[in-house]
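Residue strings, one per chain:
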Amino acid sequence: MNLSVSNDPNAPLVRLEGVRFAYGEREILRGVDLTVHRGQVVAIMGGSGCGKTTLLRLIGGQLRAGSGKVEVDGQNLGRLSTDALYAMRRRMGMLFQFGALFTDMSVFDNVAFPLREHTDLPDELIRDLVLMKLHAVGLRGAQSLMPSELSGGMARRVALARAVALDPMLMLYDEPFAGLDPISLGITGQLIRRLNDALGAASIMVTHDVHVSLGLVDYVYFVSNGVIVAQGSPEEIRASVDPFVRQFVDAEADGPVPFHYPAPPLESLLDGVTA
Amino acid sequence: MNVLAATLRKLGAMAIDGVWGLGFASRFFLAVLRYSGQSFRRLPLTIREIYFSGVLSLLIILVSGLFVGLVLGLQGYDILQRFGSSDALGVMVSLSLLRELGPVVAGLLFASRAGSAVTAEIGLMKTTEQLQAMDMMAVNPLARVVAPRFWGGVISMPLLAAMFSAMGIFGGWLIGVVAIGVDDGAFWSQMRAAVDFRYDVLNGVIKSFVFGVAVSWIAVFQGYDCQPTAEGVSRAITRTVVYSALAILALDFVLTSFMFRGL
């Protein structure tokens, strides 16, 4: 099986072309184009329910596009068999919103899990690798704790160590900053950048946290109503006059993303009361 | 007319949903069988599940078996002594347990104790994205999580039913021989003469194996298919217990028809 199809180091690691996706009748993505290169940390931002996580799942191969093309390292994920998709996923890492640590395993066993499943390394070497990964996220001393004994931030860092255990070429982050205190948030942000640079990988993160993200990423895509409505470097985003970007960056309650969920006019419901 | 049409539509939709559900569950069952190789190649995974499903259910099975045997001893003696056949108490207790009560009651207890636990565990793993995380690590959750639990249940169930029957016979002996005074030699010798290994014991083992497959399939499927919410997991657990109980009783009738009535 040819795992590394793309020989051009400048070719994008991830490329989406005209991707459409629907859950039944409900269309979530309506023609998304997106590219991510090696070494880049890219943020995908947008309001809740705009299709960001769906986009991440398409890139991870958990969902298949209705139409369009999702390519990772030159391979069209829509055409891969289950075995080929699993071979591709061995080169990806994903950090879930709340870590998704295996609750019946200790911190050490969680990080060792992908190494034990996918390699024939001796126990001594696995132990050293796990300790190195845990050291990288600052939790070497927590190796014997169970997930229930960890704070939210610590669980996220352990999950990060597990996600990078096999030195992936692509990291996917689903809301990595959600629910973290400012210190944990800063640590997680730094780790994402540091690990990406150390691995020479590409990272894609779905996030709402504009200010932390703009200080961390190389490029930003804004998604709204299933399409990319704005994109650019953090400097371009900060300087943007696009109403959607301004609403998001300045955290304004109303704007292109309306404050009210679609509903009939209030007056039509209160006729009897206001008359 | 409209009401009739609406009712028919509703019934039709329910029937279609039912067939879809059964088809999906059957495909899931085949997928579990397909990915079962790892359960046997990596035996510790399955042994761990035998421990959780089987060993941890042992206490409730043994205690229940003892009480069922005690009751059978009392009821059996009361009926048999009316016909002057109290010496046949051992036959009655052993055949009742080996043919019917052992597999059926052990199956019901197994579904309540181990089946519900398996559904809850898999359902919570789904709710907390652990199955999804495993899948993203290129580890198939059907092979790593579901299949070992399925086979753990299938292997445990006949062993638990055997323990239940043995404990029940001991309970019947305790009441009949020790407490009431039925002849000890008659109790055991009549049992040995009347119980046929193939016809009675083996058929009971086959029943308990079939119940084990049914309960384990229902338990893993309900966990894997549940809505990933607290309410969804709770409903899945309820479905596991209810569907398992119905499946055991219905299968028992079918199997009994074939085994003991020669249909």
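Numbering of residues starts from 1 in every chain and runs along the sequence as written. Labels follow written order: the first chain is A, the first ligand is 1, and so on. Note on the predicted model: pLDDT of at least 70 is required for a residue's local features to be given, and 80 or more for side-chain atom pairs to be given and counted; whole-chain, interface and lining totals, by contrast, use all residues.

Re the overall build of chain B
Working step 1: Counting from the N terminus, the helices are DSSP H or I runs at least four residues long and the strands are E runs at least two residues long. Helices and strands together make up the secondary structure of chain B, namely 10 helices and 0 strands.
Working step 2: From first element to last, N terminus to C terminus, chain B shows the α and β order α-α-α-α-α-α-α-α-α-α.
Working step 3: Taken along its principal axes, the extent of the C-alpha atoms in chain B is 65 × 60 × 35 Å.
Working step 4: Each of the 263 residues in chain B was classed as buried or not, and the buried ones make up 45%.
Working step 5: Pairs at least 24 residues apart make up 86% of the contacts formed inside chain B by residues separated by at least 6 positions. The burial criterion counts other C-beta atoms lying within 10 Å of a residue's C-beta, which is placed from the backbone; the residue is buried at 20 or more, exposed at 12 or fewer, and partly exposed between these limits. Two residues qualify as a contact pair if the distance between their C-beta atoms, derived from the backbone, is within 7 Å.

A short note on the environment of Ser233(A)
Working step 1: Residue placement: Ser233(A) occurs in the loop between strand E10 (227–232) and helix H8 (234–239).
Working step 2: Here the alpha-carbon distance between Ser233(A) and Pro114(A), two residues 119 residues apart in the chain, equals 34 Å.

Details of the interface of chain A and chain B
Working step 1: Contact residues are listed per partner, giving 11 residues for chain A and 9 residues for chain B.
Working step 2: Of all the secondary structure elements, the ones that give two or more residues to the side of chain A that touches chain B are helix H2 (82–89) and helix H3 (107–118) of chain A.
Working step 3: Across the side of chain A that touches chain B, the residue classes tally to 6 nonpolar, 2 polar and 3 charged. For this scheme, ten residues count as nonpolar: Ala, Val, Leu, Ile, Met, Phe, Trp, Tyr, Cys and Pro. Four count as charged, namely Asp, Glu, Lys and Arg, and the remainder, Gly too, count as polar.

Overview of the confidence of the model for chain A
Working step 1: Considering every residue of chain A, the mean pLDDT works out to 86; 94% of them sit at 70 or more.
Working step 2: Mean pLDDT across the elements of chain A bottoms out in helix H10 (residues 266–274) of chain A (69) and peaks in H3(A) (94). Across the chain, each position has a pLDDT score giving the predictor's confidence in that residue, from 0 to 100.

Description of the sheet that holds strand E5 (residues 75–76) of chain A
Hydrogen bonds between backbone groups are what pair the strands of a sheet, and the pairing can be parallel or antiparallel.
Working step 1: The pairing criterion is simple: DSSP has to find at least two bridges between the two strands. Pairing in this open sheet of 4 strands is antiparallel, and the strands run E2-E1-E4-E5 (chain A) from one edge to the other. Edge strands, defined here as strands with exactly one partner in the open sheet, are strand E2 (26–36) and E5 of chain A.

Concerning unusual backbone geometry
Leaving glycine out, the prevailing phi sign among residues is negative, and the prevailing peptide bond configuration is trans.
All names here are of chain A.
Working step 1: Not every positive phi belongs to a glycine, and Asp73 is a case in point at roughly 50°.
Working step 2: In this fold, Asp73 is placed in the loop between strand E4 (67–72) and E5.
Working step 3: One non-glycine residue, Asp167, lies in the positive phi region at around 50°.
Working step 4: Within the fold, Asp167 resides in the loop between helix H5 (152–163) and strand E7 (170–174).
Working step 5: A count of 14 C-beta atoms within 10 Å places Asp167 in the partly exposed class.

Considering H3(A)
Working step 1: Considered for burial, the residues of H3(A) that qualify are Val107(A), Asn110(A), Val111(A), Ala112(A), Phe113(A) and Pro114(A).
Working step 2: Considering only its buried residues, H3(A) is in contact with helix H4 (123–136) and H5 of chain A.

Side note on the nonpolar core
Working step 1: Within the largest apolar cluster, 145 residues are counted, with the highest numbers of intra-cluster contacts made by Leu170(A) and Val220(B).
Working step 2: Aside from chain neighbours lying at most four places away, what touches Leu170(A) is Leu13(A), Val14(A), Val72(A), Arg91(A), Met92(A), Ala201(A) and Ala202(A). Here, a nonpolar core denotes buried Ala, Val, Leu, Ile, Met, Phe, Trp, Tyr and Cys residues that are linked to one another through C-beta atoms within 7 Å.

Observations concerning the sheet that holds strand E9 (residues 219–224) of chain A
All names here are of chain A.
Working step 1: One open sheet holds the 6 strands; their spatial order is E6-E7-E8-E3-E9-E10, and the pairing between them is mixed. With partners counted over all chains shown, the strands left at the sheet margins are strand E6 (92–95) and E10, one partner each. When strand polarity is set aside, the average angle formed by the axes of neighbouring strands in this sheet is 20°.
Working step 2: Two strands pair when backbone bridges link them, and E7 and strand E8 (residues 202–206) are joined in this way by 5 bridges, in the parallel orientation. Residue pairing across strands places Leu170 opposite Ala202, the latter belonging to E8.
Working step 3: Note on geometry: axes are C-alpha line fits, over the in-contact stretch for helices, and angles between N-to-C directions span 0 to 180 degrees. Across the sheet, helix H1 (residues 52–59) touches strand E3 (41–45), E7, E8 and E9, and the angle it forms with E8 is around 150°.

Topic: the packing of helix H4 (residues 58–80) of chain B against helix H7 (residues 141–180) of chain B
All names here are of chain B.
Working step 1: Where H4 contacts H7, the axes come no closer than 6 Å and their chain directions differ by 40°. Between H4 and H7, the interaxial angle falls into the category oblique. Crossing handedness for the pair H4 and H7: right-handed. Any angle that falls under 35 degrees is termed roughly parallel, while one over 145 is termed roughly antiparallel, one within 65 to 115 roughly perpendicular, and all others oblique. Put simply, a crossing is left-handed when the front helix is turned counterclockwise from the back one by less than a right angle, and right-handed when it is turned clockwise.

Here we look at H5(A)
All names here are of chain A.
Working step 1: To estimate how far a helix should extend, the number of its residues minus one is multiplied by 1.5 Å. The terminal C-alpha atoms of H5 lie 16 Å apart, and with 12 residues this matches the ideal 16 Å at 1.5 Å per residue to within 8%.
Working step 2: The buried fraction of H5 is high, at 10 of 12 residues.
Working step 3: Buried within H5 are the following residues: Met154, Ala155, Arg156, Arg157, Val158, Ala159, Leu160, Ala161, Arg162 and Ala163.
Working step 4: Considering only its buried residues, H5 is in contact with E6, H3, H4, E7 and helix H6 (182–199).

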